[in-house]
Number of protein chains: 2
Amino acid sequence: MRTVDPVKHAAKKRHITDTAAGLFAEKGFDRTTVADICKAAEISTGSLFHYFPTKRAIFREIFEQDGQDNAEMFVRAKELEPWDAVLMVIDHLCVPALDRSVAGLVLEVVQQASRDPELWELVGHNEQVVRDELAQLLQKAHDAGRIALPVDARTAATWAQGLVDGLFGRLIDPDFDATVQVSTLRLILSRFVGAQAP
Amino acid sequence: MRTVDPVKHAAKKRHITDTAAGLFAEKGFDRTTVADICKAAEISTGSLFHYFPTKRAIFREIFEQDGQDNAEMFVRAKELEPWDAVLMVIDHLCVPALDRSVAGLVLEVVQQASRDPELWELVGHNEQVVRDELAQLLQKAHDAGRIALPVDARTAATWAQGLVDGLFGRLIDPDFDATVQVSTLRLILSRFVGAQAP
DNA sequence: GTCTATACTGGGATAGAC
DNA sequence: GTCTATCCCAGTATAGAC
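Residues numbered from 1 in each chain as written. Chains lettered and ligands numbered in written order. Predicted model: local features only at pLDDT ≥ 70, side-chain atom pairs only at ≥ 80, totals over all residues. Heavy atoms only, no water.

The subject of this paragraph is the confidence of the model for chain A. For chain A, per-residue confidence averages 91 on the pLDDT scale, and 97% of positions sit at 70 or higher. Confidence, expressed as mean pLDDT per element, reaches its minimum in chain A at helix H7 (residues 100-113) of chain A with 84 and its maximum at helix H10 (residues 178-192) of chain A with 98. (pLDDT = per-residue confidence, 0-100. Helix = DSSP H or I, 4+ residues; strand = E, 2+ residues; numbered from the N terminus.)

Structure (structure tokens):
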């Protein structure tokens, strides 16, 4: 006897976020208008604001699932030998870089997060979780003699993230092939942490 | 018998760009209004548009001098031993990261450049010059036996830039001390290119 | 729940006096 | 060259019919 079908409702929201994500990636948040989103999603503004209170809310929704994704990843990672786990995590973090449109979205979220405290909490927390987990894995690998860290584990973890940032940064060069360069990234990281040859 | 004093004219333009740069760094390009700039620079909008045709033009002007700066740097670098020159260039590229407000501006320009073709040309060209010069220096250092590149010089140069991007990326973490981490960056690069201990 | 139409706001840019 | 006043438009969000 309820008036809304929650499944349909969620599906529609998802349709809107998916459509909006593409536009945000392509044109940026500020330059994407609500009208653009409505046109692309083939709905009216009135309908859109039935599902989301503001434009920003659409943007946030897009990133809300990331935290859970990462949590799942680390569960899987912990079943591996620590250093292999680190490499797996890095690969996972690099995946968005392989798709230019997703990469645009990542650039955008960094930008927006620095000015939207609510979004910042979401993203910043996530980053910190990744860093902490990476630091733990690196420490274990070090203790097991698989790598020989030249700096503390936390710093190393930070720079592992920094290397991923670097990968994204270089996407501005049209000749830069992220698929190929992920292996270079692994080489740099391996040499940095003194990984033994396998 | 000329009606404008070019020196005064340039000084005023400079005053506007300097003022605007601070605001762009702090709030981002899109969220900085022309009114904001005028207020901060203590001029009227009419006056501002006498010096610049559009808001974007102000933004571009800020980065127009970078090319020349870099050219000068490479002239000085070439007087050094190649590997020392590489480290000098890297240090130079890292300088903006040491000042949070300047760092904000760098984030902003990447963002904007991906959507402003004219700005893109400016920035992209500059990046390419840096990469080419770095690649040359790395090749020379390699040939001199000072380093042992595991990849081609161009790829190595690209990743040297990527590491600098990573440094900027990590600035989002408030605990990240760029001054300290520049030395970690040098360590990572040195290990990557197989630099011999001095 | 979805639409059309529109109110309201704010920002970029211009006109024209001084 | 600089100002004030203002135009014009884009964009978010709402009202109210269906």
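Turning our attention to the packing of aromatic side chains. Centre distance and the angle of the planes are the two values used to describe a pair of aromatic rings. Residues and elements named next belong to chain A. Within the structure shown, the criterion is met by ten aromatic pairs over all chains. Each residue in the set Phe 24, Phe 29, Phe 59 and Phe 63 is aromatic and connected to the rest through ring pairs, giving one cluster. We note Lys 55 situated over the ring of Phe 29; from NZ or CZ to the ring centre the distance is 4.4 Å. (Phe/Tyr/Trp six-rings, centres within 6.5 Å; stacked < 30°, edge-to-face > 60°. Lys NZ or Arg CZ within 6 Å of the ring centre and 35° of its normal.)

Right, let's talk about the interface of chain B and chain A for a bit. How big an interface is tends to be stated in terms of accessible area lost as the parts join. In this assembly, 45 residues from chain B lie in contact with 45 residues from chain A. Together, the buried faces of chain B and chain A total about 3700 Å²; carbon and sulfur atoms form 57% of this surface. Linking chain B to chain A there are ten salt bridges. Its salt-bridge partner being Glu 127 of chain B, residue Arg 170 of chain A comes within 2.7 Å of it at the nearest N-O pair. Taken together, chain B and chain A are joined by 17 residue pairs in polar contact (both at pLDDT 80 or more). When contributions to the side of chain B that touches chain A are tallied by element, the ones reaching two or more residues are helix H1 (6-27), helix H7 (100-113), helix H8 (117-143), helix H9 (153-169) and helix H10 (178-192) of chain B. Ranked by the residues each element gives to the side of chain B that touches chain A, the list is headed by H9 of chain B, at eleven residues. When the residues that make up the side of chain B that touches chain A are grouped by side-chain class, the tally is 18 nonpolar, twelve polar and 15 charged. (Contact = heavy atoms within 4.5 Å. Buried area = accessible area lost by both parts, 1.4 Å probe. Salt bridge = Lys/Arg side-chain N within 4 Å of Asp/Glu carboxyl O. Polar contact = N/O pair within 3.5 Å; in protein donor to acceptor, adjacent residues only side chain to side chain. Nonpolar A, V, L, I, M, F, W, Y, C, P; charged D, E, K, R; others polar.)

Once that is clear, we can look at the pattern of salt bridges. All names here are of chain A. Per the counting criterion, the structure on display carries 28 salt bridges over all chains. The partner of Arg 60 in a salt bridge is Asp 116, and the shortest N-O contact between them spans 3.3 Å. Of the two residues, Arg 60 sits in helix H4 (residues 55-63) while Asp 116 sits in the loop between H7 and helix H8 (117-143), which places them 56 residues apart along the sequence. On the basis of relative accessibility, which here comes to 5%, the residue Asp 116 falls in the buried class. Between Arg 186 and Asp 91 there is a salt bridge; the shortest N-O distance is 2.7 Å. Linking Arg 186 in helix H10 with Asp 91 in helix H6 (residues 82-94), this pair joins segments that are 95 residues apart in sequence. Judged by relative accessible area, Arg 186 falls into the partly exposed class, the value being 30%. (Buried < 20%, exposed > 50% of the residue type's maximum accessible area, 1.4 Å probe, protein only.)

Superposing chain B onto chain A takes a rotation of 179 degrees combined with a translation of 0.1 Å along the rotation axis, leaving an RMSD of 0.2 Å. The two molecules are tied by a two-fold rotation axis, judged by turn and shift. Distance from the rotation axis, computed per C-alpha, reaches its smallest value in chain B at Gly 166 of chain B: 2.2 Å. Taken together, the interface assignments show that 100% of the residues at the interface of chain B recur at the interface of chain A, consistent with an identical surface on both copies. (Least-squares fit on C-alpha atoms with pLDDT ≥ 70 in both.)

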